[in-house]
Amino acid sequence: MTTNKSSNDQLKNESQSTRLFYDPNSLSSFNGYRIVHTHFDLNVDFNTNILDGYVQLDVEPLNNELCECSSTIKTENKEIPNNHGNQFVLDSRHLNIKKVLLKSNNTENLLSFQVDTERESLIIKMNDLSNDSIISIIIYYSTSNTKCTALQWLTKEQTADRKYPYMFSQCQAIHARSLYPCQDTPGVKSTFTAKITCPKPLTVLMSGLQTKYDENTNTFYFEQKQAIPSYLIAIAVGQLVSYDLSSRIRVWTEPSMIKQCQYEFEDAEIFLTAAEQLLGEYQWKRYDFLVLPPSFPYGGMENPCMNFLTPTLLAGDRSLISTIVHEMTHSWTGNLVTNENWEHFWLNEGFTSFIEAKILGNLDKTNGKEVRRFHAAQQWEDLKTSIDTWRPTHPYTCLVYRLNNIDPDDAYSSVQYYKGAALLWHLEQNIVGSESNFDEFLRSYIIKFGRKILNTDDFIQYFESYFPQVPSVDWQSWLYTPGMPPITHDFSTQLEQQCRQLATQQSSITKEQMNMLNPKQVAYLLNLLLNNQQSKINYDYIKQLDINCDMSKYSNCEIRFRWYQLCIRVKYEKPLDDIFKFLDIIGRMKFVKPLYTEFKSSWPEMMPRVQTFFDEHKKYMNLITVKQIEIRLNSQN
């Protein structure tokens, strides 16, 4: 079937190491040269808030035929040619490039280079190359202490224990280029090794396995034997302790939080085993994870061997385990099977969200189908909220959209997660009609595309070849049409209906009714109220709900941010101080973006206070979060 394509037919190349592809968010010469291994040798300086040292890139030149083809691709998109002739171009954002060397036969020769700040590129002249199949380029550099969007540096006062400074990275989507010069595209995967030195008594963690430690210099050595894209490079440095949850799972965090983490994530091995039963053997040896300070901008980040998680998951009742299940699932869908560029982000997040609900259902041996359907219902309501926020005609409510001259962060939302999950639900339930057959397809899909990259057309072709006899799919409506999916799924369950009845009843919700709900149901109920277009959701309704149910008692952040959003919408003043305290402490974008947006759209009289608060606090926030909030506060819509 012919579909709208965001890449050329000529990109279909069976060899993944030399597969040509298109990425509008990288000007690096990935179709002329391909990085196959990366080595870091860096010092962590908390006095200046920089990383300083060098990176060695082992590069495989692609053949001339491929280079000529890639030049055409980039020219069509009005970019500089991707093979660049005798130039090796890397993505580089606000890096201080000191010198560039060509390493060959144990000798190192200087290479001339140019930094193009406007295009965020490092251009290296590649004259007089040897005939080696692999070229080694050494780049001495340091990061910016003010403009490195990949790193957040915290003072000791910003940490939980307030004893030592802290640093962590977030490279997704295109922030790795501010951490090191690279081919900053998910379409290029590289193994890596690293040597990182930091002040005592701090610990370094990375998205690889630690291989060595030098106590005298406090130097940590790492290796990642599986090739990963630049967005999965991760580093964290701080006063960190760990606890072994199983023989292959370890949780890291600050000392004062380790007991909370031990309790909250005690069943992590059970989750990983359940994922293996559905998806096949775990390929990364260890599944360790780090619970970060609250300014971390996401719920989790699937960095291999060392997932990063937000402390907002520490609800005290294990009710928010779905996020760690989600990040675990990325070990297969995302880290093994990877979208070739960010226009096909749904292949990472849609698959992961769909499988996450399956695993949660499989974990419940008595009521699994209802648990899965209720989780899918939660995703559907979150999708409604996201599409209403964008507006249903916005191109970013398509599953596949164009990103020419667009930062992927600006298009990021739950659409790629939950509209993608809804498509896969449709394929399983309505097209294939058999959950067991679709599970077999998922496993074969991971085997087929594991350690590879793919785009949406690759997925469609594989699905249609795997299920040649099933009814046709309206790919155009699902993938390229904005708004809610073309088919509305019925996720009715007893859990869901209980919430929906409360959301639609004429009388106020009572304390007794609310106490009958579990935390996930309370969050879902508040979602239903947020999406309720009826006039009853007004000031008096919200005030009475608070009087009846004492909404301030909830510590679960998934409940609190939805409750706060409702309060802002109807201008309910009582929790205002709590809302600003929440915005002061929490940096997770899922929570803070909707609250700032709600203030802007629903409570304009409060905007002077909101703007002053943001201006005073943004210096403590992650740069990624700051940019996204500024976009919303400065928007004219």
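In this text the structure is predicted, and so the values were computed from the model without any measurement.

A. Quick look at the overall build of the protein chain. When helices and strands are counted, the protein chain shows 20 helices and 22 strands. Relative to the globule expectation of 26 Å for 637 residues, the C-alpha radius of gyration of the protein chain, 25 Å, shows essentially globular dimensions. Here the C-alpha coordinates of the protein chain stretch approximately 80 × 65 × 50 Å along the principal axes. Here the protein chain, with 637 residues, has 62% of them falling under the buried criterion. If you take every contact in the protein chain between residues at least 6 apart in sequence, the share linking residues at least 24 apart comes to 72%. When the accessible surface of the protein chain is split by element, carbon and sulfur atoms take 47% of a total near 24,800 Å². In the protein chain, 62 side chains carry a positive charge and 73 a negative one; their mean positions are 2 Å apart.

B. Expanded view of the domain arrangement of the protein chain. Taken domain by domain, the protein chain comprises domain 1 (27-64 + 77-154 + 168-230), domain 2 (240-331), domain 3 (341-480) and domain 4 (494-634). Taking only C-alpha atoms into account, the centre of domain 1 sits 28 Å from that of domain 2. With 15 residues of domain 1 at the contact, the number on the domain 2 side is 20 residues. Summed over both partners, the interface of domain 1 with domain 2 comes to about 1,500 Å²; 69% of that surface belongs to carbon and sulfur atoms. Run the count over domain 1 and domain 2 and you get zero salt bridges. Along the contact surface separating domain 1 from domain 2 lie two residue pairs in polar contact (both at pLDDT 80 or more). Contributions of two or more residues to the side of domain 1 that touches domain 2 are made by strand E9 (151-154), strand E10 (166-169), strand E12 (203-206) and strand E14 (219-228).

C. Representation of the UniProt feature "binding site: Zn(2+)" (unreviewed entry) in the protein chain in the model. Mapped onto the present numbering, the UniProt feature "binding site: Zn(2+)" (unreviewed entry) falls at His326, His330 and Glu349. Spatially, the listed residues are clustered: although they cover 24 residues, their C-alpha atoms lie within 9.1 Å of one another. Mapped onto the elements of the fold, His326 is located in helix H4 (residues 322-329). The class of His326 is buried, set by a relative accessible area of 7%. Not counting chain neighbours up to four residues away, the residues in contact with His326 comprise Glu349, Thr352, Ser353, Glu356 and Tyr417. With respect to the helices, strands and loops of the structure, Glu349 is situated in helix H5 (residues 346-363). When residues no more than four places from it in sequence are discounted, the contact partners of Glu349 are Glu302, His326, His330, Gln416 and Tyr417.

D. Inspection of the environment of Ile137 at higher detail. Within the secondary structure, Ile137 sits in strand E8 (residues 135-142). When its relative accessible area of 0% is taken as the criterion, Ile137 is described as buried. Taking C-alpha positions, Ile137 is 9.7 Å from Asn109, a pair spaced 28 residues apart along the chain. Non-local contacts of Ile137, meaning those with residues more than four positions away in its chain, are made with Val55, Gln56, Leu57, Val59, Phe88, Val100, Leu101, Leu102, Leu111, Ile124 and Met126.

E. Quick look at the packing of aromatic side chains. Enumeration over the complete set of coordinates arrives at 57 aromatic pairs. Aromatic side chains Tyr231 and Trp342 sit 4.9 Å apart centroid to centroid with 70° between the ring planes, which places their arrangement in the edge-to-face category. Here Tyr231 is found in the loop between E14 and strand E15 (235-238), whereas its partner Trp342 is found in the loop between strand E21 (337-339) and H5, with 111 residues between them in sequence. There is no split in this pair, since Tyr231 and Trp342 are both buried. A ring pair is formed by Tyr298 and Tyr412, whose centres lie 5.6 Å apart and whose planes are at 80°; its orientation type is edge-to-face.

F. Broad picture of helix H8 (residues 415-432). At His426, H8 is deflected by roughly 25°, the largest bend along its length. Of all the 18 residues making up H8, 16 are buried; the element is thus mostly covered by neighbouring parts of the structure. Two residues or fewer past H8, Gly433 is found with a positive phi of approximately 75°.

G. Geometry of the side chain of Thr143. Structurally, the position occupied by Thr143 is in the loop between E8 and E9. The class for Thr143 is buried, based on a relative accessible area of 4%. At 2.9 Å, the side chain of Thr143 and the backbone nitrogen of Leu51 are in polar contact. For Thr143, the residues in contact, after removing those within four places along its chain, are Ile50, Leu51, His94, Leu95, Cys148, Leu151, Ser178 and Leu179.

H. Representation of the sheet that holds strand E1 (residues 33-45) within the structure. Read across the sheet, eight strands follow the order E5-E4-E8-E2-E1-E11-E14-E13 without closing on themselves; strand pairing throughout is mixed. Every other strand in the sheet has two partners, leaving strand E5 (107-111) and strand E13 (209-214) as the edge strands with one partner each. The mean inter-strand angle of the sheet, taken between neighbouring strand axes irrespective of direction, is 20°.

I. Unusual backbone geometry, seen in detail. A cis amide bond links Gln172 to the next residue, Ala173, at an omega of 5°. Its place among the elements puts Ala173 in the loop between E10 and strand E11 (190-197). Of the consecutive residues Lys200 and Pro201, the connecting peptide bond is found in the cis state with omega at 0°. In this structure, Pro201 sits in the loop between E11 and E12. Residues other than glycine seldom take positive phi values, yet Cys305 does so here, at roughly 70°. Phi is positive for Lys571, close to 65°, though the residue is something other than glycine. Along the chain, Lys571 falls in the loop between helix H16 (557-570) and helix H17 (576-585).

J. Region of the structure containing the pattern of salt bridges. Per the stated rule, a full pass over the model turns up 33 salt bridges. Glu435 serves as the salt-bridge partner of Lys358, at 3.3 Å between the closest nitrogen and oxygen. Taken together, the residues Lys358 in helix H5 and Glu435 in helix H9 (residues 435-449) connect sequence positions 77 residues apart. Residue class for Lys358 comes out buried when judged on its relative accessible area of 1%. The salt bridge involving Glu381 is made with Arg500; its shortest N-O contact spans 3.6 Å. With Glu381 in helix H6 (residues 368-390) and Arg500 in helix H12 (residues 494-504), this residue pair connects regions lying 119 residues apart in the sequence. Here the residues in one salt-bridge network are Asp91, Arg93, Glu120, Arg177 and Asp184, joined through shared partners.

K. Examining the UniProt feature "binding site: a peptide" (unreviewed entry) in the protein chain more closely. The feature "binding site: a peptide" (unreviewed entry), as annotated in UniProt, sits at Gln170, Cys171, Gln172, Pro297, Tyr298, Gly299, Gly300, Met301, Glu302, Arg588, Met589 and Lys590 in this numbering. The residue Gln172 is located in the loop between E10 and E11 in this model. The contacts of Gln172, once residues within four sequence positions are left out, are Tyr231, Tyr298, Met301, Glu302, Trp342, Phe345, Asp409 and Ile624. Looking at where Pro297 falls in the secondary structure, it is placed in the loop between strand E18 (288-291) and strand E19 (300-301). Beyond its immediate stretch of four places on either side in the chain, Pro297 contacts Phe168, Gln170, Gly587, Arg588, Met589, Asn622 and Thr625.

How each quantity is defined
- Residues numbered from 1 in each chain as written.
- Predicted model: local features only at pLDDT ≥ 70, side-chain atom pairs only at ≥ 80, totals over all residues.
- Heavy atoms only, no water.
- Helix = DSSP H or I, 4+ residues; strand = E, 2+ residues; numbered from the N terminus.
- Rg over C-alpha atoms; globule rule 2.2 N^0.38 Å.
- Buried < 20%, exposed > 50% of the residue type's maximum accessible area, 1.4 Å probe, protein only.
- Contact = heavy atoms within 4.5 Å.
- Areas by Shrake-Rupley, 256 points an atom, 1.4 Å probe, with all protein chains shown as cover.
- Lys, Arg positive; Asp, Glu negative; His and termini not counted.
- Charge placed at Lys NZ, Arg CZ, Asp CG, Glu CD.
- Domains from an automatic or database assignment.
- Buried area = accessible area lost by both parts, 1.4 Å probe.
- Salt bridge = Lys/Arg side-chain N within 4 Å of Asp/Glu carboxyl O.
- Polar contact = N/O pair within 3.5 Å; in protein donor to acceptor, adjacent residues only side chain to side chain.
- UniProt positions renumbered as here; feature names shortened; annotations may be inferred.
- Phe/Tyr/Trp six-rings, centres within 6.5 Å; stacked < 30°, edge-to-face > 60°.
- Bend = angle between axes of the 7 residues up to and from the residue.
- Pairing = 2+ DSSP bridges.
- Axes fitted to C-alpha atoms, helices over the stretch in contact; angles between N-to-C directions.

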